[in-house]
Each structure stands twice: as structure tokens, then as C-alpha cells.
Amino acid sequence: MRKVLSLLLLLLPALILSTALPSRQKPQKKKCKNPAIRREWRKLTIPERQSFIQALLCLHKTPAARYSHMPGTYSEFEAFTTVHKLQTPYIHFTGIFLPWHRIFLAEFEHTLQTTCNYTGTLPYWDYTLDSRTTPMFPNANISHSPVFDPNHGFGGNGIYNKTMNDALTSQGTFWGGGCVRDGPFKDWIFHVAPQWEWYEDSRCLKRNIWEVYEMWTTSEREYTVMQQTNFTGMQKYLEGFGMDWVGLHGGGHMVVGGLPHGVGTANDPWTSSLEPLFYLHHANIDRVWDKWQRKRREYKWDVTDARMDREDKEVWGPGFVWEEAPMTMESRVNMTEEYVEWWGARVGEIWDIEGSLPEEFDGEAKLCYRYA
Ligand SMILES: [Cu+2]
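Along each chain, the written sequence defines residue order, and numbers are assigned to residues from 1. Only residues with pLDDT of at least 70 get local features here, since the model is predicted, and only at 80 or more are side-chain atom pairs given and counted; chain-wide, interface and lining totals rely on the full set of residues.

A few words now on the nonpolar core. The term nonpolar core refers to a set of buried Ala, Val, Leu, Ile, Met, Phe, Trp, Tyr and Cys residues connected through C-beta atoms within 7 Å. Burial is judged by counting the other C-beta atoms within 10 Å of a residue's own C-beta: 20 or more makes it buried, 12 or fewer makes it exposed, and any count in between marks it as partly exposed, with every C-beta position built from the backbone. In terms of nonpolar packing, the biggest core is built from 79 residues, with Leu 238, Val 255, Leu 277 and Leu 280 touching the most fellow members. Contact definition: two residues whose C-beta atoms, as placed from backbone geometry, lie within 7 Å. In this view, Leu 238 contacts Val 225, Gly 247, Leu 248, His 249, Ile 285, Val 288 and Trp 289; residues no more than four positions away in its chain are not counted.

Written out as C-alpha cells, the structure reads:
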């Protein structure tokens, strides 16, 4: 019935148009025209890198237009972290992980463009190019990645914190731990408190580059993701599922921030988005998902086994109300409940970054970009 209806709806404007514009009409394409192109950080020219950094600086100078009622939410940049923090338990290690972060990045990119006049797109950081993978990149070394460049990048490691790092020697060698001391973000102050508590804080951007963990950000790890033949398996290998398999996602957080729940900003699951590299890292995760979707077309739209809730429900502590349901193309990707109209979309509307929709699905494609 729905099919017949939508067929009628499709034909109706065509019939009207055919009298008005007999020669110009074409069947409506589902894929978007002129997708924006997201590129790898080192493919950007130096002026392009600078304009992205400038846009980030602008966003953190812009007073929060949204969520300013939440503790510590002063800037528009911080507002994104407030949203991420509110949603943390629901959007990590559940089926919605990839779609949620996909639309989160799209909104972030859009806000840079509309609020800070940024004319580029969100870059991504392909750390497989910086991670030792013998024999492909025997001399790679993540701390030498151009993303950490103090002049044309995000700055380098944090100030060495001896006391803290002495306690961690069994985990490898760390050279940072404190506030980032060079680059464009060295004087940034954040006000959103770490982890789950809500109070106003005052803290700097901290890094503890963990080179041992570049074993998780290699092209071999990406290859393992590509080999998976269903969405849930692919997501687990990409996101990570504990310290036995931290995945590209966990790896990307930990090479920048050090141990999980440690001192680095990138490692706090609740507020890691205060680390500007978060956005380049997650764009890379989104790129790998998209790459898998293209490579594994036959499984692309199948989300059997994906769930909105998680098996180990107590993991974030008590007090969370779970939607005990499978994730489907109809599931909502909400930023927060009261802001559904802000970013709300259904899974099927953002499943394809170039605007294809699932079959038999009434919805509106929300995205139009691709990765170069
Ligand atoms: Cu997240």
C-alpha cells in the first residue's frame, strides 16, 4: 500500500511538470548532487589548515547559543561537548554509535560554516599513515604526525607529568600528561567538568601521547574491520570492545590521550570532544564505516543484531533509562530529548553519506558529502 502511495506521490509532480516543462523532466535521483569532499589533514594546503584552526578558535570564542543553561557551557565549542556528555551512555557500545557520531560531526561542520564563516569541510586524520605497520611504514611514529605540528597543526604533547607517569611505567613510556604547551590551543580553557558530573570547572587541554598504542591505529586494524560481513561485527572491530580489542576508535583516543580514564582530554569518554583532534579522529572512523559500506554493499543496509541498548547495562552506573529495542532504519538519532528538532534524524536518513535512502523508506536524506 505504501509503495503504491509513494509511487502516486512520485508521479503526481511529474504529471504536473510534464505539462509545464515537457522537455526538462528527469526521474528524481536519490543521491545528492555535488557532495562536499572531506580530505585527509595532510592533503589540505597550509592556508586551508590555518582556516580550519581559525574556525575552531572562533567557535570557542562564540558564546554558546545552545545548552548555555548547562554547567560550564560557555562557548559554542563547549556546547558540542555538553551534548556528547549528556548522551555518552547511550551512544557508545550500542548500535547507534556510528550513526550518532556521523550526524554529530555533520552538525559540527555545519556550525563551523554558519557561525564562523568556515568555507572548507571537516578534515579527517588517517593515523594509519603515522602508525608503524611493518613493512609498509617501518619508520612511522605517531608523535611525528603532522597533526601535532605546533605551527600548522594542533600542537604537540602535554607538559611532562612525572608523578603521574611514574605510576604508569608498566604500561609503557609516556612523555606528557599535562597541559598542551604549544600550538593554537595551548591557552584554551574549558569549563565543562570531566566525566559524568555536572559542575563548572576550569581546565586546560591535556595530552599524553601513547606511542605503544599506535599498534591499534594501523592499516592492519582497518583491514580487520573491512573483513567483517555484518554491521554489528564491523562496528565492534571498529569501535573496540574493551582492552583486549580497543579498535581504531579506542586506539585513536588513546594514542592522543594515554590510558582510558587517564588524564588526557581525548580519553575521557564523556568529554573527549573537548580535544579538537576528536573531530578529525571521528571523521576518520566515519570514513572507515563509509568505506566498509561501499566495499560490502550486500550487507550495507542490514542492521540485524544492532541494538539501542546494551547487554551490560550497568556499565555506566545506575540511573539510565534505556530504550530496550533493536536499532532499525526508523530509530531516531537524537542529540538530546529536548533538542530533537535541532539535530534529530532517523537512522535511515543518514545511513548513506551521499543521500541514498533504504528501500521502502519514507524519509528525507540528510547528508551530502564523501571522503577523498
Ligand atoms: Cu563519542
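Structurally, Glu 298 is set in the loop between α9 (277-295) and β6 (332-333). Residues Glu 298 and Asn 230 lie 68 residues apart in sequence; the distance between their C-alpha atoms is 9.4 Å. Strands here mean DSSP runs of E at least two residues long; helices mean DSSP runs of H or I at least four residues long; both are numbered from the N terminus.

This part is about the UniProt feature "domain: Tyrosinase copper-binding" (unreviewed entry) in the protein chain. UniProt positions are given in the numbering used here, feature names are shortened, and annotations may be inferred rather than shown by experiment. Those residues carrying the UniProt feature "domain: Tyrosinase copper-binding" (unreviewed entry) are residues 92-109 in this numbering. The span residues 92-109 is 72% helical and 0% strand by assignment, and the distance between its end C-alpha atoms comes to 21 Å.

To continue, consider the environment of Val 255. Mapped onto the fold, Val 255 is located in helix α8 (residues 247-257). Those residues in contact with Val 255 that lie beyond four places of it in its chain are Tyr 127, Ile 142, Ile 209, Trp 210, Tyr 213, Glu 214 and Thr 217.

To continue, consider the packing of helix α6 (residues 219-226) against α8. One way to put it is that α6 packs onto α8 with a least axis distance of 9 Å and a crossing angle of 150°. By the criterion of interaxial angle, the relationship of α6 to α8 is roughly antiparallel. Residues Arg 221, Glu 222 and Val 225 of α6 touch α8, and the partners they reach there are Gly 247, Leu 248 and Gly 251. When residues are grouped by polarity, Ala, Val, Leu, Ile, Met, Phe, Trp, Tyr, Cys and Pro land in nonpolar, Asp, Glu, Lys and Arg in charged, and all others, Gly among them, in polar. Class assignment of the residues belonging to the contact of α6 with α8 gives a composition of two nonpolar, two polar and two charged. Between the N-to-C directions of two axes lies an angle of 0 to 180 degrees, each axis being a line fitted to C-alpha atoms and, for a helix, fitted only over the stretch in contact. Each angle receives one of four descriptions, namely roughly parallel if under 35 degrees, roughly antiparallel if over 145, roughly perpendicular if within 65 to 115, and oblique otherwise.

Here we come to the confidence of the model for the protein chain. The predictor attaches a confidence to each residue, and that confidence, scored 0 to 100, is pLDDT. Across the protein chain, the average pLDDT comes to 87, with 85% of residues at 70 or higher. Segment residues 1-29 is flagged for pLDDT under 50; beyond a separation of four residues in sequence, or across chains, it makes six contacts in the model.

Quick look at α6 now. Turning to α6, its buried residues are Arg 221, Glu 222 and Val 225. Along the axis of α6, the buried positions cluster into a sector of 100°, meaning they face one direction only. The inward-facing, buried residues of α6 abut α7 (231-239), α8 and α9. This arc is built from the directions going out from the helix axis to the C-beta atoms.

One non-glycine residue, Asn 34, lies in positive phi territory at about 50°. Looking at where Asn 34 falls in the secondary structure, it is placed in the loop between α1 (2-20) and β1 (36-38). We classify Asn 34 as exposed; it has 7 C-beta atoms within 10 Å. Positive phi values are uncommon outside glycine, yet Phe 93 reaches one of about 60°. When the 20 C-beta atoms within 10 Å are taken as the criterion, Phe 93 is described as buried.

With that out of the way, let us pick up the packing of α8 against α9. Interaxial distance between α8 and α9 falls to 10 Å at its minimum, and their mutual angle equals 160°. Judged by the inter-axis angle, α8 sits roughly antiparallel to α9. Read as a crossing pair, α8 and α9 show a hand that is right-handed. Along the contact surface, α8 presents Leu 248, His 249, Gly 252 and Val 256, while α9 presents Leu 277, His 281, Asn 284, Ile 285 and Val 288. In terms of residue class, the contact of α8 with α9 is made up of five nonpolar, four polar and no charged. By convention the crossing between two helices is left-handed if the near helix lies anticlockwise of the far one by an angle smaller than a right angle, and right-handed if it lies clockwise.

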